[in-house]
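# Results of the structural survey
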Amino acid sequence: MALVQSIPQILGVVAALLVSALIYGAWSLRARKYEGEVLATLEEMKALGEVVPDTIHPVIDLDRCIGSGACVRACPEKFVLGVVGGQAKLLNPLACVGHSACMTACPVDAIKLVFGSDERGIDLPLLDPNFQTTRPGVYVIGELGGMGLIRNAVRQGRQAADHVVSAGRRAKADAYDAVVVGAGPAGVSATLRLMEVGLRVVLLDRDKVGGAIMHYPRAKVVMTGSLELAMVGSVKRRTMTKEDLVLLWQQIMESHGVPAKTGVTVQGVKEEPDGMWRLETSAGSVRAANALLAVGRRGTPRKLDVPGEEQAKVHYTLIEPDPFASKHVLVVGGGNSAVETALALADFNRCASVSISYRRDAFARCRAENRLRIDEAIQTSKVRALLPSQIVSISEREVVLTSGTREMRIPNDAVIVQIGGTAPAELLQTFGIQVVTKRGEA
């Protein structure tokens, strides 16, 4: 009788054990799959050799790390960090854009954010806590100082402008109180703050208002977070498309009458006897007591240095895909910019063909989301992948490439080269700004 009464209890225990086994099995399978993906990413990065991004990135103290995975879950960019063997690993530092969410999320303070590494240093301007350089009244803000992210740039622009206000350097004679070079998020933020307190300021840019954002492909989603802009207030949007962000800047410029001059290139700088800075530009001289440099790290686009690159059909950015309709387009590069350009052209769906050439055999330098999207586009034949390959020459109707010992000729009407750029070091040198090499320093 007692046995009969206990049967339901036994069945309940068995059922609970079966459910637990199923849950554990599913979790174990998922964990093995995840660790396989992590190890594959590590192998891809190992094949690239020493990889150090130009901006800030995390390093992990393995003596402190307890493998909680909090850093992995907190990171908005997937597969920057992963957990292997019970400890966190830096998988793809190139995909890190300096959110710092991983450092904040770590329960044991095992993560710090650094520039460069022991093996490879990163040259950055020497700045004080207010982003002022070794030259009085000269500031570097935004990505040129080594910090990515729009919200960082906006915050730095405002902080540097606050220091200009408190430091008391003011215009003499015909000078401005401040000249801001670069109309991206950092430059616009600084200009608004200087205008708010009534200083005489001018904003210069060699291109259009918006900075590097203007060179993003159509509909690219940008992480912004909460932006605090002087005279504007809070802009609370976690993400925005390129078009939304450009519209925001345009509305701000128009509604607040920001004194901007676009299409102006700074060609030289000198300090005058009265302490003012004189900037020689393509539109004439500008004198100012303070100069805030917010020109980003794009600098001059890096070139292929191959025969035929001087042709008009070779471009270094994609603004809109419409001019490439019905054309055979080759994108060159393997980073996020090149992959996003190829995807934008594929989604446009009006090109005769879209190909991408990269010197390595995988897009390991990309964010995980971009890698998944480009893999899908290649599998569905929307994009032709030429990996690994090198451009040999560009002619009017074709491009010659090599892959190992094999030579390829593909029909071509346009080439978009996106292999990075040289940082605007010359501008820093003209100001006499001291540059330091960071080797894994916080």
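For the structure, see preceding data.
Reference entry: report on the structure contained in this document. (Residues numbered from 1 in each chain as written. Predicted model: local features only at pLDDT ≥ 70, side-chain atom pairs only at ≥ 80, totals over all residues. Heavy atoms only, no water.)

Within the secondary structure, Lys-313 is located in the loop between strand 15 (300-301) and strand 16 (314-315). No salt bridge is formed by the buried Lys-313, whose closest oppositely charged neighbour, Asp-413, lies at an N-O distance of 6.2 Å. Excluding its chain neighbours within four sequence positions, the residues that come into contact with Lys-313 are Ile-394, Ser-395, Glu-396, Arg-397, Glu-398, Asn-412, Asp-413, Ala-414 and Val-415. (Helix = DSSP H or I, 4+ residues; strand = E, 2+ residues; numbered from the N terminus. Buried < 20%, exposed > 50% of the residue type's maximum accessible area, 1.4 Å probe, protein only. Lys, Arg positive; Asp, Glu negative; His and termini not counted. Salt bridge = Lys/Arg side-chain N within 4 Å of Asp/Glu carboxyl O. Contact = heavy atoms within 4.5 Å.)

Here we take up the nonpolar core. If you look at the biggest cluster of nonpolar residues, it comprises 38 residues, and the most contacted ones within it are Ile-141, Leu-194, Trp-249 and Leu-292. Only helix 4 (150-167), strand 7 (176-181), helix 5 (185-196), strand 8 (201-205), strand 9 (221-229), strand 10 (233-241) and helix 6 (242-256) provide two or more residues apiece to this core. Not counting chain neighbours up to four residues away, the residues in contact with Leu-194 comprise Ala-161, Val-164, Val-165, Ala-178, Val-180, Leu-199, Val-201 and Leu-292. Counting 24 residues, the second-largest nonpolar core is a separate cluster that includes Ala-325, Cys-366, Ala-377 and Val-383. (Core = buried A, V, L, I, M, F, W, Y, C linked by side-chain atoms within 4.5 Å.)

On to the pattern of salt bridges. If you walk through the whole model with that rule in mind, you get twelve salt bridges. Between Asp-61 and Arg-64 there is a salt bridge, with its nearest N and O atoms 3.9 Å apart. Where Glu-398 meets Arg-409, a salt bridge forms, and the shortest distance between an N and an O atom there is 2.7 Å. Taken as a pair, Glu-398 in strand 21 (residues 398-403) and Arg-409 in strand 22 (residues 406-411) lie far apart in primary sequence, eleven residues in all. Since its relative accessible area comes to 25%, Glu-398 is described here as partly exposed. For Arg-409, a relative accessible area of 52% gives the class exposed. A network of salt bridges, in which partner residues are shared, links Asp-174, Glu-272, Asp-274, Arg-278 and Arg-287.

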